[in-house]
Amino acid sequence: MYTDFQKHLQTTLQEIKDAGLYKNERVIITPQSSAIKVEGGADVINFCANNYLGLADNAELIQAAKDRMDARGYGMASVRFICGTQDTHKQLEKAISDFFGTEDTILYAACFDANGGLFEPLLTEQDAIISDALNHASIIDGVRLCKAVRYRYKNGDVADLEEQLKAAQAQRFRIIATDGVFSMDGNVCPLDKIYELAQKYNALVMVDESHSAGVVGKTGHGVTELYNMRGKIEIITGTLGKAFGGSVGGFTTGKKEIIDLLRQRSRPYLFSNSIPPMIAAAGLKTFELLTRDNTLQDKLHANTEYFVTRMKAAGFDIKPTQSAICAVMLYDARLSQEFAAALQQEGIYVTGFYYPVVPQGQARIRVQLSAAHTQEQLDKGIAAFTKIGKQLRVLK
Ligand SMILES: *Cc1c(COP(=O)(O)O)cnc(C)c1O
């Protein structure tokens, strides 16, 4: 039975390899941090984790998780509407609402699920979703699962968004969907202009804060802080897997009727397990840490500024960024792979991205800064980039 299918799969896999697109995973044998050890290699400085605030190995979070596991056990083994929830999950939902200045929050196993289960319960074929062309895969999948009419506008292009909104006036309700920070360039969405257009053309706004929450804005409250729009956006989604501790878990936060209906109808919530109590407790601790003082946010912003300024001064072509993502443009796919491999020899851990992850001819190395980076680590990173940049004739 399997033979024909196996051949088909082998052919497909070979095609992926021949195109140079086969993904090999490196194995990390230390906790996630700014300095890690990769199996079979030396120690490296990590510039490609979503560990923006350096919380992935934070002692307070680990202790909070341990304590709650001792007190409340390992797992929930249930979905919430069947067997109920623990108080910790409710407290975390409250903490997320307080953080974003929203009315209510619903937890998911991941932000992929939050986005996947967002649109279908809220909209029908009478409605419209107007989506940024560079939105995350999980938003695209969520839109696909919903019967609403789909419109797409060019990345961050408010003129194009306006055209799409005009076209979408035939529908009953409209939701504009956008990432807060676009992960390959590090640019933020023009939320102020999007909101203005939403008012003008009678639309709701949904922002995915996965790469922006904890990062963007003076106190890391995300794009709504950056644009001084706290409490104005109807729907925000986000993850606990990046700045907020780097473990697992996702959420949708916003207007209370929206959240209430998601609890009744959102399929990844209704038919999937709750996050473990220890993860909820560590999540709670994360929001306590971030509101206690601004140390981590300040450190992240200072580190990003330091790195980007010096990389530009060294002569690198850096995409304009308003986040902790620094895209070092190399344009050529092969060069991006060579450059990344050479950097790893220098003890600098990064990934080169090329088509189809980024547009053709737009290959790059995406550096992600963290509050955990020391100045010495940043200096080593910049020195290695400069050395390899000269070797590979990217720099003069
Ligand atoms: C990472 C990411 C997600 C997925 O988050 P998980 O919690 O890991 O599933 C969703 N949206 C955006 C914009 C992301 O960057």
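What counts, and where the lines are drawn
Along each chain, residues carry numbers from 1 onward, in the same order as the chain's sequence is written. Totals for whole chains, interfaces and linings use all residues, but because this is a predicted model, local features are given only for residues with pLDDT of at least 70 and pairs of side-chain atoms are given and counted only at 80 or more. Computation of side-chain values covers all heavy atoms of the structure but excludes hydrogens and water. We call a residue near a molecule or strand when any one of its heavy atoms sits within 4 Å of it. Identification of polar contacts relies on pairs of N or O atoms within 3.5 Å, with a donor-acceptor requirement for protein atoms, meaning one able to donate a hydrogen and the other able to accept it, and with residues adjacent in sequence counted only if both atoms are side-chain atoms. Secondary structure follows DSSP: runs of H or I at least 4 residues long count as helices, runs of E at least 2 residues long count as strands, and numbering of each begins at the N terminus. Classification used: nonpolar for Ala, Val, Leu, Ile, Met, Phe, Trp, Tyr, Cys and Pro, charged for Asp, Glu, Lys and Arg, polar for all others including Gly. Only the six-membered ring of Trp is used, alongside the rings of Phe and Tyr, when aromatic pairs are assigned; centres must lie within 6.5 Å, and planes under 30 degrees apart are stacked while those over 60 apart are edge-to-face, with the rest tilted. The classification of residues rests on relative accessible area computed with a 1.4 Å probe and restricted to protein chains. Under 20% of the type maximum is buried, over 50% is exposed, and intermediate values are partly exposed. Two strands qualify as a pair provided that DSSP identifies no fewer than 2 bridges between them.

A.B. asks: Would you mind showing me how to read the site of the ligand here?
C.D. replies: Around the ligand sit 13 residues, and of these Cys111, Asp208, His211, Thr239 and Lys242 come closest. A distance of 2.8 Å is found between an oxygen atom of the ligand and a backbone nitrogen or oxygen belonging to Cys111. With respect to the ligand, the side chain of Lys242 contributes an N or O atom lying 2.6 Å from an oxygen atom. Take the shell around the ligand: its biggest share by element is three residues, from helix α5 (residues 111–116). Grouping the amino acids of the shell around the ligand by side-chain chemistry returns three nonpolar, seven polar and three charged.

A.B. asks: Can you walk me through the packing of aromatic side chains in this structure?
C.D. replies: The geometry of two aromatic rings is summed up by the distance between their centres and the angle between their planes. Throughout the structure, instances matching the rule amount to twelve aromatic pairs. The interplanar angle of 35° and the centroid separation of 5.7 Å between the aromatic rings of Phe47 and Phe307 together place this pair among those described as tilted. With a gap of 260 residues between them, Phe47 in the loop between β2 (43–46) and α2 (59–72) and Phe307 in helix α14 (residues 295–313) connect regions that are remote in the sequence. Here Phe47 falls in the buried class, since its relative accessible area comes to 1%.

A.B. asks: How should the sheet that holds strand β11 (residues 348–349) be read in this particular structure?
C.D. replies: Strand pairing within a sheet occurs via backbone hydrogen bonds; the two strands may be parallel or antiparallel. With mixed pairing, three strands are arranged side by side in an open sheet as β1-β2-β11. Two strands lie at the open edges of the sheet, namely β1 (35–37) and β11, each paired on one side alone. Judged from the three bridges that link them, β1 and β2 form a sheet pairing that is antiparallel. Bridged to Ala35 within β2 is Ile45.

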